[in-house]
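Coordinates in review
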Amino acid sequence: MSEPKGKAEGQENAPNFIHDLVEADIREGKHGGQVVTRFPPEPNGYLHIGHAKSICLNFTTAELSGQGRCHLRFDDTNPEAEDTEYVESIREDVRWLGFDWGSHEYFASDYFERLYDCAVDLVKRGFAYVDSQSPEEIREGRGDFYRPGVNGPFRDRSVEENLDLLARMRAGEFDEGAHVLRAKIDMASKDVNLRDPLMYRIRKVTHHRTGDDWCIYPMYDYAHPMSDAFEGITHSVCTLEFAHHNPLYQWFVSHFDFDPMPWQYEFARLNLTYTVMSKRLLKRLVEEARVSGWDDPRMPTVAGMRRRGYTPAAIRRFAERIGVSRRDSVVDVGLLEHALREDLNVTSPRTMAVLRPLKLVIENFPEDEEVELVAPFSPNDESFGSRTLHLTREVFIERDDFMEEPVKKWFRLAPGKEVRLRYGALVTCNEVVKDDAGNVVELRCTWDPESKGGNAPDGRKVRGTIHWVSAKYAVDAEVRLYDRLFNDENPLDEAHEGDFTDRINPSSLEVLPHAKLEPSLAARGPGERVQFERLGYFVVDPDSTRAHPVYNRTIQLKDSWSKQAKRN
RNA sequence: UCGGGGAUCGUCUAACGGCAGGACUCCAGUUUCUGGUACUGGCUAUCUAGGUUCGAAUCCUAGUCCCCGAGCCA
């Protein structure tokens, strides 16, 4: 049965070689058609967009099989780095992204006893031994890329002695570094990972879950494949830098009778332009207070993106679009931003807010009069409903929407020009009021009372439409304007002088303390997303209160005018 | 001096010996009470050199460049 060649024509399927390969396994009935994957973070930090790619991959791969499942497993084998704080944030982030691991939440630390038993078994069968060399001696004995390693003096200890030593390691009789358990493989292997890799080390450190029950902890290389096998993982998906571990992974699991027998597959990790992704660097940003924390809206962490106003759907869509391959790549952050706008465009109510207010007085509008206007929350979707706006004698408009000496093709307000106040009325600017320093402080206009709602009865075309807020009803708010954290497409580019923190965009955050909101915006709670018409998408920050609303700019609308203006 | 992985529009990615396709970006236009959205059209790519073949991004040979690997981290 041959598939139609190529997917050309309106291909909706995201390119994804892992999916292709798993689908082939399902077709062939491998593992009885079962697909079990896992997302295995170490709880030592916050998840970022790179993890999100992996989460999406693992969960969607499992979905390929009708009865598949994806586990959430915390790889907590290094007690020094880990903490329950991170466990909770990871759970929250995965859930927020829209994935459900059901009852399949596991910890590598749950397997400590079983891992130990398996280690004892390997010792008994002559596949592991206790090495009592110092760390320096072990490193020396391992050789390097060009020289094979050499067998150490403890490599041929008797099974009895190894068993005794291992038991005493566990019992806490030895200091850290005194002994380690090593797999007995091949010190001369071309593959450095196979030169008797460490399985256990002594660490007298309290573990966030097992407390002081253990003072020996398994290494990733041993714990990870075994944990996969314990859980019945069929497809163990990880990033490319683990590719060298595959032979070792297979070595460990093949010494036991697991069914299914897991296999490891590697894909290229995500890199984004204008972004740093490594935990180490993100940590520096936090510690050096370049950002407000792990959930700073400029951070590529899931928590930061959530606070920024990203939607889970946008992130999932992005992950699907960029595909999965084995090629090192740097994805243009514009792709992420596009996926974001695409989702926000169809999910966000339209509202009006003025970021940098300029007062506009309608001189022929009676002082105490108000005009009620019904404005839809969406231009294309009636289900969003509408709200009532009040046009009053004094309104605020955006400073950027007025130009005293307009450039060519300027559609907005200028002396003598007529514009539409969106859903409001047509107004013409008559006079510009300035302060002593020559700054424009107020605009005096007249309106066409016949244009209530926004259109003139004579049908004349008015090109410019600007947003506005009634001065009488406006609600004061703080608006935080976020932009890309770095100026440089590749903040880590070594061709530059200095360090990546020198490439931080100084205007990645601008706080506007006195923005003016339409009243409907004051009642919204943290996490609610809206569009400020003509400006961008915004989200209510957790800092927001009824008395002091705070909105974060998620992303600007595409702006072909500013592009054109730059060319002029 | 070793081993592994990789190279296709500016970016990400398809094509598995048979018309180099899609998405983003960019450009031009239509619609529009958001200079938004939607819609239409357009530009742009097979690392290099040989070879096999009617036909090569794909197979072969030789090279070039990039990434990863020598933690008692994951």
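The rules we used
Residues numbered from 1 in each chain as written. Chains lettered and ligands numbered in written order. Predicted model: local features only at pLDDT ≥ 70, side-chain atom pairs only at ≥ 80, totals over all residues. Heavy atoms only, no water. Helix = DSSP H or I, 4+ residues; strand = E, 2+ residues; numbered from the N terminus. Buried < 20%, exposed > 50% of the residue type's maximum accessible area, 1.4 Å probe, protein only. Contact = heavy atoms within 4.5 Å. Areas by Shrake-Rupley, 256 points an atom, 1.4 Å probe, with all protein chains shown as cover. Lys, Arg positive; Asp, Glu negative; His and termini not counted. Charge placed at Lys NZ, Arg CZ, Asp CG, Glu CD. Pairing = 2+ DSSP bridges. Patch = residues over 30% accessible without salt bridge, like charges linked within 9 Å, V, L, I, M, F, W, Y side chains within 5 Å. Salt bridge = Lys/Arg side-chain N within 4 Å of Asp/Glu carboxyl O. Disulfide = S-S within 2.5 Å. Axes fitted to C-alpha atoms, helices over the stretch in contact; angles between N-to-C directions. 1 Å grid on protein atoms, 1.4 Å probe; cavity = no way out; pocket = protein on both sides within 12 Å on 5 of 7 lines; lining within 4 Å. Points joined across faces, edges and corners; volume = space filled by probe spheres on them.

In this section: the overall build of chain A. In terms of regular secondary structure, chain A is built from 13 helices and 25 strands. Dimensions along the principal axes, computed over C-alpha positions, put chain A at roughly 100 × 60 × 45 Å. Within chain A, the fraction of its 568 residues that count as buried is 52%. Excluding contacts between residues fewer than 6 apart, the proportion of contacts in chain A whose partners are at least 24 apart in sequence is 71%. Split by element, the accessible area of chain A, about 26,700 Å² in all, is 47% carbon and sulfur. Distance between charge centres in chain A, computed from 76 positive and 97 negative side chains, equals 4 Å.

What follows covers the pairing of strand 18 (residues 440-447). Among the 8 residues that make up strand 18, 6 are buried, leaving the element largely enclosed by the rest of the structure. When strand 12 (residues 357-362) meets strand 18, the two strands line up parallel, connected through 4 bridges. Note that in strand 18 the partner of I362 across the bridge is C445. As paired strands, strand 17 (residues 425-434) and strand 18 are joined by 7 bridges and run antiparallel to one another. Counterpart to E431 in the pairing with strand 18 is R444. Hairpin remark: strand 17 followed by strand 18, antiparallel, with 5 residues in the connecting loop; positive phi at G438, about 90 degrees.

A surface patch of positive charge is lined by K408, K409, K558, K563, K566 and R567. One can find R567 in helix 13 (residues 560-567).

Moving on to unusual backbone geometry. The omega torsion of the bond from D259 to P260 falls at 5 degrees, within 30 degrees of zero and hence cis. Topologically, P260 is positioned in the loop between helix 8 (246-253) and strand 9 (263-267). At A289, a residue that is not glycine, the phi angle is positive and equals roughly 60 degrees. Relative to the elements of secondary structure, A289 occurs in the loop between helix 9 (279-287) and helix 10 (302-308). Look at A289 and you get exposed, because its relative accessible area is 60%. Even without a glycine there, the phi angle at K409 is positive, about 70 degrees. The topology assignment puts K409 in the loop between strand 15 (394-398) and strand 16 (418-421).

This part is about the state of the cysteines. Disulfides are covalent bonds that link the sulfur atoms of two cysteine residues. The tally for this structure, following the rule as stated, stands at 0 disulfides. In this structure C56 is a free cysteine whose sulfur lies 10 Å from that of C70, the closest cysteine sulfur available. There is no disulfide at C215, and the cysteine sulfur nearest it, in C118, is 19 Å away.

For the rest of this paragraph, the subject is the sheet that holds strand 1 (residues 36-39). Paired through backbone hydrogen bonds, the strands of a sheet run either parallel or antiparallel to each other. Here we have 3 strands laid out as an open sheet, ordered 1-2-3, and parallel in their pairing. The open sheet has two edge strands with one neighbour each: strand 1 and strand 3 (105-107). Going across the sheet, the axis of each strand differs from the next one's by a mean of 35 degrees, ignoring polarity. The pairing of strand 2 (residues 69-74) with strand 3 spans 3 bridges and is parallel. The residue of strand 3 that forms the bridge with F74 is F107. In this fold helix 3 (residues 84-96) packs onto strand 1, strand 2 and strand 3, with an angle of close to 160 degrees to the strand it touches most, strand 2.

Inspection of every chain in the model, using the stated rule, returns 3 cavities of 30 Å³ or more. Here the largest cavity is characterised by a volume of approximately 270 Å³. Together, 23 residues line the largest cavity, and T275, R298, R308, Y310 and V333 are the ones closest to its centre. When residues of the lining of the largest cavity are traced back to their parent elements, those giving at least two are helix 9, helix 10, helix 12 (333-347) and strand 25 (550-556). Element by element, the count of residues in the lining of the largest cavity is highest for helix 12, at 3 residues. Roughly 80 Å³ of volume is contained in the second largest cavity.

In this section: the pattern of salt bridges. Scanning the model with the defined rule gives 50 salt bridges in all. D131 serves as the salt-bridge partner of R182, at 2.8 Å between the closest nitrogen and oxygen. Note that R182 is positioned in strand 5 (residues 180-183) and D131 in strand 4 (residues 128-131), a separation of 51 residues in sequence. Residue class for D131 comes out buried when judged on its relative accessible area of 1%. In this structure, a network of salt bridges that share partners links the residues D295, R307, E478, R480, D541 and D543.

Before going further, it helps to spend a moment on the sheet that holds strand 5. Taken in spatial order, the 4 strands line up as 4-5-6-7 in an open sheet, and their pairing is antiparallel. Looking at strand neighbours, the two that pair on one side only are strand 4 and strand 7 (216-218), the edges of this open sheet. With strand direction ignored, the average angle separating the axes of adjacent strands in the sheet is 20 degrees. Alignment of strand 5 against strand 6 (residues 198-202), held across 3 bridges, turns out to be antiparallel. The partner of L181 across the bridge, within strand 6, is Y200.

Okay, the environment of V302 next. Position of V302 relative to the elements: it lies in helix 10. Through-space distance from the C-alpha of V302 to that of A52 is 7.5 Å; in sequence the pair is 250 residues apart. Excluding its chain neighbours within four sequence positions, the residues that come into contact with V302 are L47, H48, D93 and W96.

Don't take any of this as a statement about function, it's just geometry.
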